[in-house]
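# Tertiary structure, described
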Amino acid sequence: MYKQYFPLLQNRNIHYLDAAATAQRPQAVLDGVQAYYTRSNGNAGRGSHTLAMESSALIEAARTAVSDFIGADDSGEVIFTKNATESLNIIAYCYGLEQLHAGDEIIIAIANHHANLIPWQFVARKTGAALRYVYLDEHGNFDMAGFKTLLGSRTKIVAVTAAVNTTGVVFPVQEIITEAHKHGAVAVIDAAQSIAHFPHDVAAWDCDFLAFSGHKLYAEFGAGVLYAKRTLIEKMPPFLYGGSMIDYVGEQTSEFKAGGAKYEGGTLDAAAIHSLQLSIDFLKKLGLEELHSYVEGLHRSLLTALKSLDFVEAYYTDAQRRVPTVAFNVKDVHSHDTAYILDEQGVMVRSGHHCTQPLMDYMGINSCCRASLGIYNTQEDIDALAAALKKVYDVFKR
């Protein structure tokens, strides 16, 4: 239905089921980026000539588009980074290291991506804060009751994923934020895997920090987003020091720009940032509700197909809420072997620990395969996966 808009999938005879790693780009985004380089390529914020000013205007237009897309209001800031990992590290370095002390506590989820886990290990080690984990119920859901027992006066940061990148399970973000705020803690939300699949409203959620990568929203590599409340930004020092993020530089001291601008030091990837607006415009033109409904239908079909194969074990498929990402293994077959044979048949899934090794340990597995859907996928892709998995079974049952 929507595959026609994606040239790579017209040029390659493949079944691409790895949107959670990166989404394919629609022609509208590719054309817009090409137009930028052939018409407006300049260094934003560095010069008063036409090309520099056009690039600056495109970045600000993208900032407005992203702000509207995530429901930000005037009390928040949208900051451009190169990816979600950088966004989360900015929070850890510039808020965590500055605000936490020995005896404080950081609560994170066992299912967090490493990018929202390792930085908090670092902060805990440097500040003397304690790192506490929230685990899962038998269906892979966030253990809200266990979370509430961890919360207390020492809790300063709660950092969770909105949707688990390995299993697709959605966490109750708004409730988590509300509970964190009852104890005076700030909430950090990793939206890398959720941003493409359901509406986000940071103002309604009263969200403190939120991060995601543009390339999982059909935009280019190199554009990440950090949303932060303005009041929190004012407490934080810069992250990268250099050009663009300064107001004044003297021989011994410097003064930095207010708000989120102090986190955009150096030359920004204007084309990648522009591609965020292009992708948002593309999705809105097609209709966000229609797109979410279409992919959710494929998601149900994918779950049904995997459950019908008795030699396949799919994980946490009965969770309360999910995005269209499913973790699975062919029983007694390593995930890399499965993925290799699938790839030979033109079916592309991810295999490994998916940057969630603590989750793998918790689940009692070493690795798994992961099939994840985008708007360009079709029922044919799911049928091809099921047929290819039967081939894996035939190879290894001998």
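The structure reproduced in this document is the subject of the present report. Just so it is clear, the model here is predicted, and its values are computed rather than measured.

## Brief notes about the sheet that holds strand 15 (residues 368–372)
Spatially, 4 strands are ordered 11-12-15-14 in an open sheet, and the strand pairing comes out antiparallel. The sheet is open, and its two edges are formed by strand 11 (312–315) and strand 14 (350–352), each paired on a single side. Here the average twist between neighbouring strands, direction ignored, is 30°. The pairing of strand 14 with strand 15 spans 3 bridges and is classified as antiparallel. Paired with Gly352 across the bridge in strand 15 is Cys368. Most of the contacts of helix 12 (residues 335–344) go to strand 14, to which it runs at about 160°, and overall it touches strand 12 (325–330), strand 14 and strand 15. Sheet contacts for helix 14 (residues 379–396): strand 11, strand 12 and strand 15; angle to strand 12, the most-contacted strand, approximately 20°.

## Some points on the pattern of salt bridges
For the structure shown, the criterion picks out 13 salt bridges. The partner of Asp18 in a salt bridge is Arg370, and the shortest N-O contact between them spans 3.3 Å. Of this pair, Asp18 sits in the loop between strand 1 (15–16) and helix 2 (27–39) while Arg370 sits in strand 15, and the two are 352 residues apart along the sequence. Across the salt bridge formed by Glu105 and Arg132, the nearest N and O atoms sit 3.1 Å from each other. Of this pair, Glu105 sits in strand 3 (residues 105–109) while Arg132 sits in strand 4 (residues 130–134), and the two are 27 residues apart along the sequence.

## What to know about empty space enclosed by the protein
Leftover empty space is mapped by rolling, across the atoms, a probe with the size of a water molecule. Under the criterion given, the structure shown has 2 cavities of 30 Å³ or more. In this structure, the largest cavity occupies an estimated 70 Å³ of space. Lining of the largest cavity is provided by 13 residues; of these, Ala19, Ala20, Ala196, His197 and Lys216 occupy positions nearest its centre. Here the second largest cavity is characterised by a volume of approximately 30 Å³. Lining the second largest cavity we find Lys3, Leu9, Ile14, His15, Tyr16, Tyr376, Asn377 and Asp381. The class makeup of the residues in the lining of the second largest cavity is 4 nonpolar, 2 polar and 2 charged.

Rules used in this analysis
- Residues numbered from 1 in each chain as written.
- Predicted model: local features only at pLDDT ≥ 70, side-chain atom pairs only at ≥ 80, totals over all residues.
- Heavy atoms only, no water.
- Pairing = 2+ DSSP bridges.
- Helix = DSSP H or I, 4+ residues; strand = E, 2+ residues; numbered from the N terminus.
- Axes fitted to C-alpha atoms, helices over the stretch in contact; angles between N-to-C directions.
- Contact = heavy atoms within 4.5 Å.
- Salt bridge = Lys/Arg side-chain N within 4 Å of Asp/Glu carboxyl O.
- 1 Å grid on protein atoms, 1.4 Å probe; cavity = no way out; pocket = protein on both sides within 12 Å on 5 of 7 lines; lining within 4 Å.
- Points joined across faces, edges and corners; volume = space filled by probe spheres on them.
- Nonpolar A, V, L, I, M, F, W, Y, C, P; charged D, E, K, R; others polar.

The values are spatial; any link to function lies outside them.
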